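Fold and contact review
What follows is the residue order along each chain.
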Amino acid sequence: AMGAHPANAAVQQTACGALRNIACGGDAQREARVQAAVDAGALSLLVAAMGAHPVDAAVQQVACGALGNIACGEGAQGEARSQAAVNAGALLLLVTAMGAHPANAGVQQYACTALGNI
């Protein structure tokens, strides 16, 4: 849906939220879910959503949350996902989101968390 409807902020917000939820949790299957999302192109889709909707705080917030959850992890897999997020352009977009939405606590919180996890 994200790739088919890049200009639709509602679709992007919902899909970013779904990716955030997929990458959340402490259960044994989390790593497999996160890796499957990354392998399916989640990082480039999240970055594209952030780039396409820079003034939409809701899109920015859930995309930041998704990036933070995806980048969270230890060991070689976590490090590889963090580097993949950097390679996809996430750092610039996270900082840009913070600058564009300085009064939005959700954007600030999730962007900081994502930056910390990366």
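That block above? That's the structure.
1. Quick word on the nonpolar core
Generally speaking, nonpolar side chains in soluble globular proteins are found buried as a group. The biggest cluster of nonpolar side chains holds 31 residues, and the ones touching the most others in it are Cys 16, Leu 19, Leu 46, Met 50, Leu 67, Ile 70 and Leu 94. Top contributing element to this core by residue count: helix H4 (residues 57-71), with 7 residues. Residues contacting Ile 70, with those up to four places away along its chain left out, are Ala 23, Val 34, Val 38, Ala 42, Leu 43, Leu 46 and Arg 81.

2. What to know about the pattern of salt bridges
Oppositely charged side chains can form a pair if their charged atoms are brought close together. If you walk through the whole model with that rule in mind, you get 3 salt bridges. Between Asp 27 and Arg 33 there is a salt bridge, and its shortest N-O distance comes to 2.7 Å. Residue Asp 27 is classed as partly exposed on the basis of its relative accessible area of 33%. The exposure class assigned to Arg 33 is partly exposed, which follows from its relative accessible area of 28%. In this structure, Glu 31 and Arg 81 form a salt bridge, with 2.9 Å as the shortest nitrogen-oxygen distance. In this pair, Glu 31 sits in helix H2 (residues 30-39) while Arg 81 sits in helix H5 (residues 75-88), placing the two residues 50 residues apart along the sequence. Judged by relative accessible area, which is 27%, Glu 31 ranks as partly exposed. The network of salt bridges with common partners includes Arg 30, Glu 31 and Arg 81.

3. Topic: helix H6 (residues 90-100)
All of the buried residues along H6 are Ala 90, Leu 93, Leu 94, Ala 97 and Met 98. Projected onto a plane normal to the axis of H6, the buried residues spread over an arc of 140° and lie on a single side. Set apart from the buried face of H6 by more than 90 degrees, the exposed residues are Leu 92 and Gly 99. Turning to H6, the residues buried within the fold contact helix H3 (42-52), H4, H5 and helix H7 (105-117).

Basis of the calculations
Residues numbered from 1 in each chain as written. Predicted model: local features only at pLDDT ≥ 70, side-chain atom pairs only at ≥ 80, totals over all residues. Heavy atoms only, no water. Core = buried A, V, L, I, M, F, W, Y, C linked by side-chain atoms within 4.5 Å. Buried < 20%, exposed > 50% of the residue type's maximum accessible area, 1.4 Å probe, protein only. Helix = DSSP H or I, 4+ residues; strand = E, 2+ residues; numbered from the N terminus. Contact = heavy atoms within 4.5 Å. Salt bridge = Lys/Arg side-chain N within 4 Å of Asp/Glu carboxyl O. Arc of directions from axis to C-beta.

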